[in-house]
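Coordinates in review
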Amino acid sequence: MTRDFAKQAWWGGARRLAVLALLGAGCKAGTCGSGASGSGPLSEQERRGLPGVIAFVSERAPQKDVWLVRPATGEQTQLTRGPEDEYPGAPSPDGASLVVVAAAEIQGLHVEQLRLAPLDGGPVVMLSAPRGRARNPSWSPDGSWFVAESDAQSFSDVVRQAPRADAEVVRLTQAPEGNFEPSVSPDGTQVAFASSRTGDPEIYVMKADGTDVRRLTSFHKEDMAPRWSPDGKWISFVSDREGRVRVFVVKPDGTDLRAVSGSQQTGEEREPAWSPDGKKLAFVGRAKDQKARIWVADVAGGEPVALTDGKNTDDQPEWSPDGKYVAFASERTGDVELFLMRADGSGQTQLTSTKGADWLPRWFVPKTTPSAGPGAGRAEGT
């Protein structure tokens, strides 16, 4: 099985856990996002109204750690301090904790472990034993269980367990050719995933107990990274079926499969992110010069709109919980930092400014104010 396009690196080979993407015709360079909301950075008054907190990876230490930043104030808190590289997974539905993927090289072997990091500073819970593959967690809507990708019993399975250290791990898939990237439906009754059981990765859906497996796609190329829309009406995925990687959507019954960018030439497309209302998809389009810009498409149809100008590499769009803003990573300052913008691309504002890359934003509303550890403090320039 080849999965090269899903493994392409960002800004260096060490960032392999992030999936990624112009030639653009959506807006002229320098004019993106100059619409009704005005241009220039967000005002202090507008920033104070921004909701929640953003978890992200920072490379300010020798190893990668998970940090939290409040977009309203720029205040930052270090969440993880393990000796391994740690990456933010999905926040729990109650906003009390965050699943972290820890990765390390031990005696030449790549090892991963899922951990649950409470935002109140409580002890980290080891959810899985260290193994070759423990990644891509996706929560049930009530937070009582999650699914993930694991090699505990075969090359790669979808497994289900409660968020406890001693929880039983239930294998949901049986195909030895590999099962990947599970995504729980908004109502918790189904799981979408990719599987190579027929020779190349296709998109499948099964009940949350692993029964009633249904195949949604059938094409001799790679269909990967399924994600349910928040309203449960669509499943997004990426595919190289047209000779380049594009973002597609399909209904859960396998009908109405199409590329969200239609006939538009947006380059190699990656990193789709659903808006909270499930009506739009932000994604990245990468040009032949390797620079990338962020686009947004209305799932109901129409031409996609470029939110950034394509002069740099802008990546990893992440919607605010209220759907009014988008966080993203960009190398426009010479270092990789987090930025904010309104959902129409205007008001682009630098959020972090620390030596060492900051990337992979996860924006959510925490249950409590994150505990201020030794690394807490307002970052320079924010």
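Residue positions are given per chain, counting from 1 as you read along its sequence in written order. Where local features are concerned, this predicted model is filtered to residues with pLDDT of at least 70; where side-chain atom pairs are given and counted, the filter is 80 or more; whole-chain, interface and lining totals use all residues. Each side-chain value is derived from all of the structure's non-hydrogen atoms; neither hydrogens nor water enter the calculation.

**Thoughts on the overall build of the protein chain**
Numbering goes from the N terminus for both helices and strands, where a helix is a DSSP run of H or I of at least four residues and a strand is a run of E of at least two. Tallying secondary structure elements over the protein chain gives two helices and 29 strands in all. Relative accessibility thresholds used throughout: buried, under 20% of the residue-type maximum; exposed, over 50%; partly exposed, between the two (1.4 Å probe, protein chains only). Taken over 382 residues, the protein chain has a buried fraction of 55%. Of the roughly 15,400 Å² of accessible surface on the protein chain, 49% is carried by carbon and sulfur atoms. Accessible areas in this description were obtained via Shrake-Rupley with a 1.4 Å probe; residue shielding takes into account the shown protein chains only.

**Comments concerning the pattern of salt bridges**
What makes a salt bridge here is a side-chain nitrogen of Lys or Arg within 4 Å of a carboxyl oxygen of Asp or Glu, nothing more. Tallied over the full model, the rule gives 16 salt bridges. Of the charged contacts in the structure, one is a salt bridge between D358 and R60, with a shortest N-O distance of 3.4 Å. Linking D358 in strand β28 (residues 358–364) with R60 in the loop between β1 (53–58) and β2 (65–69), this pair joins segments that are 298 residues apart in sequence. D358 gets classed as buried once you look at its relative accessible area, which sits at 0%. Classification of R60 as partly exposed rests on a relative accessible area of 25%. In this structure, R258 and D256 form a salt bridge, with 3.6 Å as the shortest nitrogen-oxygen distance. Overall, R258 belongs to the partly exposed group, its relative accessible area being 23%. Through salt bridges that share partners, E84, E86 and R115 make up one connected network.

**Let's talk about the packing of aromatic side chains**
Each Phe, Tyr or Trp ring (for Trp, its six-membered ring) is paired with any other whose centre lies within 6.5 Å, and the angle between the two planes then decides the class: stacked below 30 degrees, edge-to-face above 60, tilted in between. Within this structure, the stated rule accounts for six aromatic pairs. Taking the centre distance of 5.7 Å and the plane angle of 25 degrees together, the rings of F193 and Y204 count as stacked. Here F193 is found in strand β13 (residues 190–195), whereas its partner Y204 is found in strand β14 (residues 202–207), with 11 residues between them in sequence. Accessibility classification places F193 together with Y204 in one group, the buried group. Their ring planes at 25 degrees and their centres at 5.8 Å tell us that F328 and F339 sit as a pair that is stacked. A residue pair is termed long-range when its members are at least 10 positions apart, and F328 in strand β25 (residues 325–330) and F339 in strand β26 (residues 337–342) qualify at 11 residues.

**Digging into the sheet that holds strand β17 (residues 235–239)**
Pairing between strands is defined by DSSP: at least two bridges between them are needed. The strand order across the open sheet built from four strands is β16-β17-β18-β19, with neighbouring strands paired in antiparallel fashion. Either end of the sheet is taken by a strand with one partner, and the two such strands are β16 (223–228) and β19 (258–259). With five bridges connecting them, β17 and strand β18 (residues 246–250) associate as antiparallel partners. The residue of β18 that forms the bridge with I235 is V250.

**Overview of the nonpolar core**
We call a set of buried residues a nonpolar core when its members are Ala, Val, Leu, Ile, Met, Phe, Trp, Tyr or Cys and they connect through side-chain atoms within 4.5 Å of each other. Counting 26 residues, the largest nonpolar core has I235, V260 and L281 as the members making the most contacts within it. Of all the elements in the fold, those that place two or more residues in this core are β13, β14, β16, β17, β18, β21 (280–286) and β22 (292–298). When near neighbours in sequence (up to four residues on either side) are disregarded, I235 contacts A192, V205, L216, P226, R227, W228, F248, V249, V250, P252 and W274. Residues count as neighbours in contact if any of their non-hydrogen atoms are within 4.5 Å of one another.

**Things to note about the pairing of strand β4 (residues 85–91)**
Bridge count between β4 and strand β5 (residues 97–106): five bridges; the pairing is antiparallel. The residue of β5 that forms the bridge with E86 is A102. From the end of β4 to the start of β5, which pair antiparallel, there are five residues, and G95 there has a positive phi angle of about 70 degrees.

**Quick word on the environment of S353**
In this fold, S353 is placed in the loop between β27 (349–350) and β28. A sequence separation of 16 residues divides S353 from E337, and the C-alpha atoms of the two residues are 6.3 Å apart.

**Notes on the sheet that holds β27**
For sheets, the rule is that strands pair by backbone hydrogen bonds, running either parallel or antiparallel. Pairing within the open sheet is antiparallel, and its four strands lie in the order β24-β25-β26-β27. In this open sheet, the two edge strands, each paired with only one partner strand, are β24 (314–319) and β27. Note that β25 and β26 share six bridges and pair antiparallel. Across the sheet, the residue bridging to A327 is L340, located in β26.

**Notes on the side chain of S275**
Along the polypeptide, S275 turns up in the loop between β20 (268–274) and β21. Its relative accessible area of 3% is what places S275 among the buried residues. Within polar-contact distance, the side chain of S275 engages the side chain of D277 at 2.6 Å. Excluding residues that lie within four positions of it along the chain, S275 makes contacts with P230, K280 and W319. What qualifies as a polar contact is a pair of N or O atoms within 3.5 Å, subject to a donor-acceptor requirement within protein and to the restriction that residues adjacent in sequence count only when both atoms come from side chains.

**Some points on unusual backbone geometry**
With glycine set apart, most residues show a phi of negative sign, and most peptide bonds adopt trans. The phi dihedral of Q107 falls on the positive side, at around 50 degrees, and the residue is not glycine. Tracing the sequence through the fold places Q107 in the loop between β5 and β6 (109–118). Residue classification places Q107 among the exposed residues on the basis of a relative accessible area of 80%. Phi is positive for D256, which is not a glycine, with a value near 60 degrees. Position of D256 relative to the elements: it lies in the loop between β18 and β19.

**Points about the confidence of the model for the protein chain**
For every residue, the predictor assigns a confidence score, pLDDT, that lies between 0 and 100. When the pLDDT values of the protein chain are averaged, the result is 87; 86% of them are 70 or greater. Confidence drops under a pLDDT of 50 for residues 1–38, and excluding neighbours within four residues, the segment shows 109 contacts in the predicted structure. Scored below 50 in pLDDT, residues 373–382 makes 24 contacts in the model with residues more than four places away or belonging to other chains.

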